[in-house]
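Chain by chain, the residues:
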Amino acid sequence: MTDLVRRAAVFAASIHAASGQRLRYTDEPFITHPMRVAELVAGTGARPEVVAAAWLHDVLEGTPVTLAELVAIFGPDVASLVDMVTMSAHCLADDLPGPVDHEQLARASAEAQTICIASLIDNTAQIMRYETRRRSFFLHEQREILRRLGKGDAGLYMMAAMVVD
């Protein structure tokens with residue numbers, strides 16, 4: 001693990017804990033989701049900046065962290081990836097609180113789409129395991145989202161296709 005990735009992991013863990021965030025279905029510390037996403041992204045051989053952004057992909061939502069702070073702490077490359085993922089992250093969450101901007105997803109960089117795919121894989125696994133009432137709605141929406149993420153890592157894309165099928 002590079003120093004950048006380690007710093008991102010520590011930062012994400014501390015800010016999510018300080019914000020009191022917990023996972024919806026399991027009540028585990030929220031950081032377990034970014035950890036799983038970062039592991040999936042790292043498994044693709046992604047650059048350290050992309051893995052760091054995977055750790056940080058949810059910090060702009062539900063925490064007091066700003067984009068300017070991410071730029072100052074982690075640099076513009078990591079911050080830009082987090083920003084791209086955050087703009088569309090609401091559509092990857094397990095509760096889908098708003099309408100999905102499919103075009104925004106399609107315009108994201110390949111590296112940002114890779115993070116989105118990893119997040120989709122983890123969120124969908126949780127939905128499949130714990131959600132019964134709205135599972136078919138979520139799966140349909142996740143399939144629609146995945147269709148827009150074709151620039152992301154091909155191996156993760158195939159994994160996601162199997163998860164949402």
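Just so we're clear, the structure is a prediction, and the values are computed from it rather than from any experiment.

Asker: Describe the environment of Phe138, naming the residues involved and giving the relevant values.
Answerer: With respect to the helices and strands, the residue Phe138 is situated in helix 8 (residues 135-147). Remark: the alpha-carbon pair of Phe138 and Cys116, spanning 22 residues in sequence, is separated by 16 Å.

Asker: Which residues make up helix 7 (residues 110-130), and what values go with them?
Answerer: With 21 residues, helix 7 should cover 30 Å at 1.5 Å per step; its first-to-last C-alpha distance of 30 Å lies within 8% of that length. Within helix 7, 15 of the 21 residues are buried, which leaves it mostly tucked inside the rest of the structure.

Asker: How would you explain helix 9 (residues 154-164) if you had to name every residue and give the values?
Answerer: Buried residues of helix 9: Leu156, Ala160 and Val164, and no others. Mapping the buried residues of helix 9 onto a view down its axis gives an arc of 65 degrees, with all of them on the same face. Across helix 9 from its buried face, at more than 90 degrees, point the exposed residues Ala154, Met158 and Met162. Between the side-chain oxygen at the start of helix 9 and the backbone nitrogen of Gly155 there is a gap of 3.1 Å, and the oxygen is on Asp153.

Asker: I'd like a rundown of the confidence of the model for the chain, residues and numbers included.
Answerer: Looking at the chain as a whole, its pLDDT mean stands at 89, while 91% of the residues score no less than 70. The weakest mean pLDDT in the chain belongs to helix 6 (residues 102-107) at 80; the strongest belongs to helix 3 (residues 48-56) at 98. Between residues 93-97, whose pLDDT stays under 50, and residues either more than four places distant or in other chains, the model counts 14 contacts.

Asker: I'd like to hear about the side chain of Asp122, residue by residue, with values.
Answerer: Looking at where Asp122 falls in the secondary structure, it is placed in helix 7. If sequence neighbours within four positions are ignored, Asp122 has contacts with His33, Arg36 and Val37.

Asker: Explain the nonpolar core residue by residue, including any values.
Answerer: Residues Val41, Trp55, Leu56, Leu70, Phe74, Val78 and Ile115 are the most contacted members of the largest nonpolar core, which totals 43 residues. Elements with a minimum of two residues in this core: helix 1 (3-18), helix 2 (32-42), helix 3, helix 4 (67-74), helix 5 (76-89), helix 7, helix 8 and helix 9. Among all residues touching Leu70, those that are not within four sequence positions of it are Phe11, Leu56, Val59, Leu60, Val65, Gly75, Ala79 and Val82.

Asker: Could you give an account of the packing of aromatic side chains, naming the residues involved and the relevant values?
Answerer: Aromatic ring pairs: the centre-centre distance and the angle between the two ring planes describe each pair. Within this structure, the stated rule accounts for three aromatic pairs. Residues Phe11 and Phe74 carry aromatic rings whose centres are separated by 5.4 Å and whose planes lie at 75 degrees to one another, so their mutual orientation is edge-to-face. Of this pair, Phe11 sits in helix 1 while Phe74 is found in helix 4, placing the two residues 63 residues apart along the sequence. For the pair formed by Phe11 and Phe74, the shared burial category is buried. Between Tyr25 and Tyr130, the ring centres sit 5.8 Å apart and the planes meet at 15 degrees, which makes this aromatic pair stacked. Placement of the pair is Tyr25 in the loop between helix 1 and helix 2 and Tyr130 in helix 7, with a sequence separation of 105 residues. When its relative accessible area of 33% is taken as the criterion, Tyr130 is described as partly exposed.

Asker: Break down the packing of helix 2 against helix 7 for me, with residues and values.
Answerer: Interaxial distance between helix 2 and helix 7 falls to 9 Å at its minimum, and their mutual angle equals 130 degrees. When the axes of helix 2 and helix 7 are compared, the pair comes out oblique. Of the two elements, helix 2 crosses helix 7, and the hand of that crossing is right-handed. Where helix 2 approaches helix 7, its residues His33, Arg36, Val37, Leu40 and Val41 are matched on the opposing element by Thr114, Ile115, Ala118, Ser119, Ile121, Asp122, Asn123 and Gln126. When the residues that make up the contact of helix 2 with helix 7 are grouped by side-chain class, the tally is six nonpolar, five polar and two charged.

Asker: Explain the environment of Met84 to me, using residue names and the numbers behind them.
Answerer: Within the fold, Met84 resides in helix 5. Given the relative accessible area of 21%, Met84 is considered partly exposed. Linking Met84 and Thr66, residues 18 residues apart in sequence, is a C-alpha distance of 14 Å. Setting aside residues no more than four positions away along its own chain, Met84 makes contact with Ala108, Ser109 and Ala112.

What counts, and at which threshold
Per chain, residue numbering runs from 1 following the sequence as it is written. Owing to the predicted nature of the model, reporting of local features is limited to residues with pLDDT of at least 70; listing and counting of side-chain atom pairs is limited to 80 or more, with chain, interface and lining totals taken over all residues. Hydrogen atoms and water are omitted, and side-chain values are computed over all heavy atoms in the structure. Counting from the N terminus, the helices are the DSSP runs of H or I reaching at least four residues and the strands are the DSSP runs of E reaching at least two. Every helix has an expected span of 1.5 Å times one less than the residues it contains. Note on classification: 1.4 Å probe, protein chains only; a residue is buried when its accessible area is under 20% of the maximum for its type, exposed when over 50%, partly exposed between these limits. To be clear, the arc concerns the directions from the helix axis to the C-beta atoms. Nitrogen and oxygen atoms within 3.5 Å of one another constitute a polar contact, given that in protein one can donate a hydrogen and the other can accept it, and given that sequence-neighbouring residues count only through two side-chain atoms. Every residue is assigned a pLDDT by the predictor, reflecting its confidence on a scale from 0 to 100. It only takes one pair of heavy atoms within 4.5 Å for two residues to be counted as in contact. By nonpolar core is meant a set of buried Ala, Val, Leu, Ile, Met, Phe, Trp, Tyr and Cys residues that side-chain atoms within 4.5 Å join together. Under the pairing criterion, centres of Phe, Tyr and Trp rings, with the six-membered ring standing for Trp, must be within 6.5 Å; the plane angle then separates stacked pairs below 30 degrees from edge-to-face pairs above 60, leaving the rest tilted. Angles here are taken between N-to-C directions and fall from 0 to 180 degrees, while the axes themselves are lines fitted to C-alpha atoms, restricted in helices to the stretch in contact. We call two directions roughly parallel when the angle between them is under 35 degrees, roughly antiparallel when it is over 145, roughly perpendicular when it lies between 65 and 115, and oblique otherwise. Two helices that cross are described as forming a left-handed crossing if the nearer one is turned anticlockwise from the farther one by less than a right angle, and a right-handed crossing if clockwise. Under this grouping Gly is polar, as are all residues other than the nonpolar Ala, Val, Leu, Ile, Met, Phe, Trp, Tyr, Cys and Pro and the charged Asp, Glu, Lys and Arg.

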